[in-house]
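What the coordinates show
Spelled out, the chains give:
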Amino acid sequence: MAITDAVGRLAIDNFAYVGSLARLTFRAAVAVVTGPRQGAGLRYRRALHQAMAVGVEAIPIISLITFFVGVILALQSAHELKRFGAMEFVPNAVALSLTRELGPLMTAIIVIGRSGSAFAAEIGTMKVSEEIDALETMALDPVSFLVAPKLVAMLIMMPCLTMWSDFMGIAGGAVFGILGAGFTITSYFRATLDSLLKEDIITGLIKAFMFGMVITAVGCQEGLMTGLGSEQVGRSTTTAVVKSIFVVILVDLGFTALFYFTSPS
Amino acid sequence: MTPSQEALTQDRGSAISVRDLRVAYGEREILHGISFDVLPGETLVILGGSGSGKSTLLRTMVGLERPTSGEIWLGGKNMATITPKELDDLRKTIGMSFQGSALFGSMTVGENVSLPLKEHSPLDDSTIEIMVRLKLDQVGLAGYENYMPAQLSGGMKKRAAVARAMSMDPQILFFDEPSAGLDPIIAAGIDELILKLKKAFGMTCVVVTHELASAFLIGDRMILLDRGVIVANGTKDEIQVSQQPRVRQFLDRIPEPELKDELSYLQMLIGDDATARK
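Small disclaimer: the values here were computed from a predicted structure and weren't measured.

**Focus on the pairing of strand E3 (residues 43–48) of chain B**
All names here are of chain B. Taking burial as the measure, the 6 residues of E3 include 6 buried ones, the bulk of the element. Of the two faces of E3, both are covered, the one formed by Thr-43, Val-45 and Leu-47 as well as the one formed by Leu-44, Ile-46 and Gly-48. Looking at chain direction, E3 and strand E8 (residues 204–209) are connected through 5 bridges and run parallel. What sits directly across from Ile-46, in E8, is Val-208. Pairing analysis gives 5 bridges linking E3 to strand E9 (residues 221–226), with the strands arranged parallel.

**Quick word on the packing of aromatic side chains**
Enumeration over the complete set of coordinates arrives at 8 aromatic pairs over all chains. Their ring planes at 40 degrees and their centres at 6.4 Å tell us that Phe145(A) and Phe104(B) sit as a pair that is tilted. Of this pair, Phe145(A) sits in helix H6 (residues 142–180) while Phe104(B) sits in the loop between strand E6 (94–97) and helix H4 (109–120), placing the two residues on different chains. The class of Phe104(B) is buried, set by a relative accessible area of 2%.

**What about the sheet that holds E9(B)?**
All names here are of chain B. Taken together, 6 strands build an open sheet; the order of strands is E6-E7-E8-E3-E9-E10 and the sheet is mixed. Each edge of the sheet is formed by a strand with only one pairing partner; in this case those strands are E6 and strand E10 (229–235). Mean inter-strand twist for the sheet, computed between neighbouring axes without regard to direction, equals 15 degrees. Strands in contact with helix H2 (residues 54–61) are E3, E6, strand E7 (172–176), E8 and E9; relative to E8, the strand with the most contacts, it is inclined by about 150 degrees.

**Topic: the side chain of Ser195(A)**
Residue and element names in this part refer to chain A. Mapped onto the elements, Ser-195 comes out in helix H7 (residues 185–195). According to the relative accessible area criterion, Ser-195 is buried, its value standing at 15%. For Ser-195, the side chain forms a polar contact with the main-chain oxygen of Thr-192, separated by 2.7 Å.

**Quick word on unusual backbone geometry**
The backbone of Glu130(A) shows a phi angle near 65 degrees, a positive value even though the residue is not glycine. Here Glu130(A) shows up in the loop between helix H4 (90–128) and helix H5 (131–137). On the basis of relative accessibility, which here comes to 17%, the residue Glu130(A) falls in the buried class. In this structure, Glu177(B) is a non-glycine residue whose phi angle is positive, near 45 degrees. Position of Glu177(B) relative to the elements: it lies in the loop between E7 and helix H7 (184–201). Its relative accessible area of 4% is what places Glu177(B) among the buried residues.

**Notes on the interface of chain A and chain B**
Taken residue by residue, the interface counts 19 residues in chain A and 24 residues in chain B. Interface area for chain A against chain B, summed over the two sides, is near 1800 Å², with a carbon-plus-sulfur share of 59%. Asp133(A) serves as the salt-bridge partner of Arg59(B), at 2.7 Å between the closest nitrogen and oxygen. At the boundary of chain A with chain B, the tally comes to 3 residue pairs in polar contact (both at pLDDT 80 or more).

**What about the confidence of the model for chain B?**
Of all residues in chain B, 91% have pLDDT values of 70 or greater, and the mean over the chain is 87. pLDDT under 50 marks residues 1–9 of chain B. Its contacts with residues more than four places away, or in other chains, come to 7 contacts.

**Focus: the sheet that holds strand E4 (residues 69–74) of chain B**
Strands sit in the order E2-E1-E4-E5 (chain B) across an open sheet of 4 strands; the sheet is antiparallel. Each edge of the open sheet carries a strand with a single partner, namely strand E2 (28–38) and strand E5 (77–78) of chain B.

**Focus: helix H6 (residues 154–165) of chain B**
With 12 residues, H6(B) should reach 16 Å at 1.5 Å per residue; the first-to-last C-alpha distance of 17 Å fits that figure. Among the residues of H6(B), Gly155(B), Met156(B), Lys158(B), Ala160(B), Ala161(B), Val162(B), Ala163(B), Arg164(B) and Ala165(B) are the ones counted as buried.

**Here's the deal with the environment of Tyr144(B)**
Residue and element names in this part refer to chain B. Residue placement: Tyr-144 occurs in the loop between helix H5 (125–138) and H6. Residue classification places Tyr-144 among the partly exposed residues on the basis of a relative accessible area of 25%. In the structure, Tyr-144 is positioned 30 residues away from Ser-114 in sequence and 13 Å away in space, judged by C-alpha atoms. If sequence neighbours within four positions are ignored, Tyr-144 has contacts with Val-109, Leu-152 and Met-156.

Thresholds applied
- Residues numbered from 1 in each chain as written.
- Chains lettered and ligands numbered in written order.
- Predicted model: local features only at pLDDT ≥ 70, side-chain atom pairs only at ≥ 80, totals over all residues.
- Heavy atoms only, no water.
- Buried < 20%, exposed > 50% of the residue type's maximum accessible area, 1.4 Å probe, protein only.
- Helix = DSSP H or I, 4+ residues; strand = E, 2+ residues; numbered from the N terminus.
- Pairing = 2+ DSSP bridges.
- Phe/Tyr/Trp six-rings, centres within 6.5 Å; stacked < 30°, edge-to-face > 60°.
- Axes fitted to C-alpha atoms, helices over the stretch in contact; angles between N-to-C directions.
- Contact = heavy atoms within 4.5 Å.
- Polar contact = N/O pair within 3.5 Å; in protein donor to acceptor, adjacent residues only side chain to side chain.
- Buried area = accessible area lost by both parts, 1.4 Å probe.
- Salt bridge = Lys/Arg side-chain N within 4 Å of Asp/Glu carboxyl O.
- pLDDT = per-residue confidence, 0-100.
- Expected span 1.5 Å × (residues − 1).

Here it is, written out as structure tokens:
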């Protein structure tokens with residue numbers, strides 16, 4: 001009975017946590033849509049600032065990592081395809097893997113490391129230093145003031161970063177394609193474009209949008225749940241990263257399964 | 001409850017009325033049914049040792065904690081039953097200076113002070129800028145608008161926090177340990193600032209502190225909290241001459257008595273503190 005009790009309690013806790021993420025996201029989304037006009041300029045500026053931090057400043061590291069991932073994918077694909085004399089399918093393998101799966105996933109993992117952790121640390125530090133309480137005593141809703149601008153920034157920047165990741169990964173694959181598989185620049189990119197369907201890119205972008213929502217919700221929720229003391233900020237940050245990666249993988253699984261079973265072909 | 005009943009429940013003429021207030025964190029009750037009034041324009045000092053519940057009382061008075069029972073009447077509203085919208089409206093009429101200043105580290109001092117005005121007032125940017133300069137001048141920080149909080153000393157941060165708390169011209173100002181962690185000269189400067197603000201604007205102030213010198217300088221009336229109950233409530237002169245044992249112990253800085261025997265020590269260890277010290 002003890003095991004079933006523990007499993008039941010764990011399930012309830014996890015459902016409660018998912019519920020808290022959904023509630024936070026909903027409150028932030030409502031604040032974005034119906035927030036007071038007073039102070040809206042300030043919130044737009046905060047969203048823009050977040051978009052710079054989440055998106056623009058992440059471009060160098062995302063470019064580098066996804067470029068190498070593209071090269072790795074091309075090498076791994078070529079290793080198998082060569083055995084069947086099908087090296088001309090390297091661009092297809094790279095492009096499909098990146099746009100449908102690895103582009104959004106690698107981008108999400110990098111953004112979790114850079115921004116999800118930063119959200120938890122920022123809000124956690126504000127909680128510890130009574131800044132969240134100060135917001136409340138000034139009749140400012142912390143969700144509207146802190147979470148909503150982050151959500152807007154993340155929902156806009158995650159799909160943009162993912163498209164950039166896809167492009168950089170394909171460029172990485174092209175380097176191998178040209179140097180090791182006998183393609184020219186034109187032939188490699190033409191083969192890539194021929195292999196890609198509109199749905200491949202759209203499904204990747206839908207995933208990126210959902211990942212952005214998850215990363216913001218987990219990062220901010222962990223920050224808001226920070227206990228007393230600076231040690232707790234570190235704990236919140238670590239928890240935010242671990243939980244974000246786990247939830248992103250779960251969401252990825254869910255959407256991949258959904259797209260597979262609803263795909264017309 | 002009708003508006004006329006509400007008016008009756010709050011003592012006429014009081015800026016704040018607290019009635020049989022109880023606050024608990026989970027199973028642990030911190031405040032055990034306390035009652036007092038704060039008159040308009042007076043400075044009430046809430047004294048008490050560490051863990052006496054004075055910060056919890058202050059947080060409950062500004063709506064950061066929910067009472068388990070009892071009433072807090074402020075601006076004609078009972079904080080225990082207030083709706084979130086009413087609480088927001090009420091909070092625009094009060095200001096709070098936190099123990100650690102709680103300035104937003106990512107904003108300049110000027111942005112910190114202007115934040116409530118930008119969020120809640122219809123004033124244009126140039127008027128807000130003038131008001132920020134005015135508020136900073138009132139707390140002795142003229143010219144510090146563009147400094148980041150990290151560039152300020154502890155005393156300056158406290159002053160900036162007071163300027164932010166005053167930005168909406170509140171009727172009541174709450175201070176949590178205003179001179180904690182400051183050297184005696186800077187602490188005296190903060191006391192002087194509170195006196196100056198009270199004299200200039202006639203604000204009602206509620207100050208939580210355990211600094212006796214500061215309390216007797218700025219306070220009109222005092223309450224002494226001990227383990228969640230009020231053991232003394234009176235003017236500073238009444239408190240000064242009180243013969244109540246806990247008041248004398250607090251004012252004369254007498255340490256807690258040693259535990260008499262092993263049984264008392266064990267009772268203290270298992271959390272039966274009240275029995276142990278009998």
